[in-house]
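Summary of the model geometry
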Amino acid sequence: KDKLLGKGAWGEVYEGRQKSLDRPVAIKILKSDLTQDAEFVSRFKREAEILAKITDDHIIHVYSAGQHEGAYYFIMEYVEGKPLSSFVDSGYKFSTDEIIYVAQSVAQALNAAWETPAKIVHRDIKPSNIMVAHSSSVAKSAGDGAISILAAKIKVMDFGLAKLSASGKDATIAGTIIGTPKYISPEQGMGKTADIRSDIYSLGIVLYEMATGRIPFEGETAVSMIRHHIYDTVAVPSQFNKDIPRELEDIIMKCVHKDPDSRYASPAQMLEDLNGFKQKSGLVHAKNAALDATIVSGAVRRKQTARNLAYAVIALVLFLIGGFIFYKNQPPVVKTDSSGTTGKTDSTGLTGLTGYN
């Protein structure tokens, strides 16, 4: 019986074996309720064909797709290893070389998908969709048997969330799934169309987490997390990691800019800066991005402070006006002094004599 490797929103993944080539494969079987829709099945077939044509070494290959006894499935490359999320969740301290290595690998995968005629966008880049893969011939870290990131192959998984824009139609297998709140781009959070710059934003958040040990925004709910991505400026990584190289910080801040037009326009541009950093030849596209972000963040804070002050003044004025109107509208109060004289107190507080006992 095939071994269950995992379960997800799509269905279940099993380890199998392709007899014709005598090699292990991963078999993703989609949930039956997803395949009841004829339009979904049509998209599934079309997107499976497109995904199968991507052969980049940093993407989990899709060998084939089909239907068997009413169940729809993908046959995919099987790799050993563990997701990047297992490193992140364990508090692993990533070196600068490891961060750059992961960044280059994922950017290469995104570039390969984006350069296809279908212009494929992943839409859910996160640590659990990035596999740190190894084989029996790959060196392991000394002592604890952990996978050596620099000796492993980094592969992006689950391009099934791809949004295909070649026809200009919203042909998305995942339906309402638009990303993961911790890593989602502002435009995805607002329900806008996602393009390759959305993937670059999500990759930037992943790199931020690798560099600082934390995500830039915390929220008690998915909605609050998404609101942070939409409205709040990301604090520079050096605020939490004083040892981060300035140029790496620039690259990360270029990725996570709120405005898509101010991010890298493509993974190719990002790769150019990553290679420039690694080869010590300097950055081309992200120079001073961290400084610019700090300036923008300061300006945003000043605007927020001014706006909050204005709101406070307006609230105080309204409170005083309301209090004055309430006071003016109070009915006269009849008073009797010790001499037996009665009078009415008007809204001004003055008492007028009205008679004697």
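Residues numbered from 1 in each chain as written. Predicted model: local features only at pLDDT ≥ 70, side-chain atom pairs only at ≥ 80, totals over all residues. Heavy atoms only, no water.

**Description of the overall build of the protein chain**
Within the protein chain, the regular secondary structure consists of 9 helices and 13 strands. Evaluated residue by residue, the protein chain yields a buried proportion of 43% over its 357 residues. Taking contacts inside the protein chain between residues at least 6 apart in sequence as the whole, the part at least 24 apart equals 60%. Of the roughly 19,400 Å² of accessible surface on the protein chain, a fraction of 54% belongs to carbon and sulfur atoms. (Helix = DSSP H or I, 4+ residues; strand = E, 2+ residues; numbered from the N terminus. Buried < 20%, exposed > 50% of the residue type's maximum accessible area, 1.4 Å probe, protein only. Contact = heavy atoms within 4.5 Å. Areas by Shrake-Rupley, 256 points an atom, 1.4 Å probe, with all protein chains shown as cover.)

**Overview of the pairing of strand β3 (residues 23-30)**
Bridging between strand β2 (residues 11-18) and β3 involves 8 bridges; their strand directions are antiparallel. Pairing of G16 across the sheet is with V25, part of β3. What sits between the antiparallel neighbours β2 and β3 is a turn of 4 residues, in which D22 has the positive phi angle 50°. Where β3 meets strand β5 (residues 71-77), 5 bridges bridge the pair, whose relative direction is antiparallel. The partner of A26 across the bridge, within β5, is M76. (Pairing = 2+ DSSP bridges.)

**Section: unusual backbone geometry**
Note: most peptide bonds trans; most residues except glycine with negative phi. In this model, E69 sits at a positive phi of 50°, which is unusual for a non-glycine residue. Tracing the chain through its elements places E69 in the loop between β4 (62-68) and β5. One non-glycine residue with positive phi stands out, namely K119, at about 50°.

**Examining the packing of helix α7 (residues 246-255) against helix α8 (residues 267-278)**
It is at 10 Å that the axes of α7 and α8 come closest, and there the two elements cross at 170°. Judged by the inter-axis angle, α7 sits roughly antiparallel to α8. Here E247, L248, I251 and C255 of α7 come into contact with α8, specifically with M270, D273, L274 and F277. Grouping the constituent residues of the contact of α7 with α8 by class yields 6 nonpolar, no polar and 2 charged. (Axes fitted to C-alpha atoms, helices over the stretch in contact; angles between N-to-C directions. Parallel < 35°, antiparallel > 145°, perpendicular 65-115°, else oblique. Nonpolar A, V, L, I, M, F, W, Y, C, P; charged D, E, K, R; others polar.)

**Details of the confidence of the model for the protein chain**
Taken over all residues, the pLDDT of the protein chain has a mean of 80, while the share at 70 or more is 76%. Segment residues 136-145: pLDDT under 50, and 11 contacts once partners within four positions in sequence are set aside and those in other chains are kept. Segment residues 163-177: pLDDT under 50, and 42 contacts once partners within four positions in sequence are set aside and those in other chains are kept. (pLDDT = per-residue confidence, 0-100.)

**Re the pattern of salt bridges**
Inspection of the entire model under this criterion finds 10 salt bridges. Close ionic contact of D124 with K126 constitutes a salt bridge, the shortest N to O distance being 3.3 Å. Here D124 matches K126 in class, with each residue buried. Residue R197 pairs with D261 through a salt bridge whose shortest N-O separation is 2.6 Å. With a gap of 64 residues between them, R197 in helix α5 (residues 196-212) and D261 in the loop between α7 and α8 connect regions that are remote in the sequence. Put simply, D57, E77, K153 and K155 are held in one network by salt bridges that share partners. (Salt bridge = Lys/Arg side-chain N within 4 Å of Asp/Glu carboxyl O.)

**Quick word on the sheet that holds β5**
Across the sheet, which stays open at both edges, the 5 strands sit in the order β1-β2-β3-β5-β4 with antiparallel pairing between neighbours. The outermost strands of the open sheet, each flanked by one partner alone, are β1 (3-7) and β4. Put simply, the sheet's adjacent strands are angled 30° from each other on average, direction ignored. Along the sheet, helix α1 (residues 38-52) makes contact with β3, β4 and β5, crossing β5 at roughly 15°.

**A word on the nonpolar core**
Counting residues in hydrophobic clusters, the biggest one holds 79 residues, and the most contacted among them are L84, V106 and M270. Considering every element that reaches this core, the biggest residue donor is helix α3 (residues 96-114), with 12 residues. Here L84 is in contact with F94, V102, P127, I130, V132, V206 and M210, once residues within four sequence places are set aside. (Core = buried A, V, L, I, M, F, W, Y, C linked by side-chain atoms within 4.5 Å.)

**As for the sheet that holds strand β7 (residues 130-134)**
Ordered in space as β6-β7-β8, the 3 strands form an open sheet in which the pairing is antiparallel. Whereas interior strands pair on both sides, the edge strands pair on one side only; in this sheet they are β6 (80-83) and β8 (153-156). Neighbour-to-neighbour, the strand axes of the sheet open up by a mean angle of 30°, direction not taken into account. As judged from the 4 bridges shared by β6 and β7, these two strands associate in the antiparallel manner. Along β7, the bridge assignment pairs G81 with A133. With respect to the sheet, α3 is in contact with β7 and β8, its orientation differing from that of β8 by roughly 40°.

**What to know about a nonpolar patch on the surface**
Residues L309, V313, V317, I321, F324 and I325 make up a contiguous nonpolar surface patch of about 570 Å² in total accessible area. Topologically, V317 is positioned in helix α9 (residues 289-328). The class for V317 is partly exposed, based on a relative accessible area of 40%. (Patch = residues over 30% accessible without salt bridge, like charges linked within 9 Å, V, L, I, M, F, W, Y side chains within 5 Å.)

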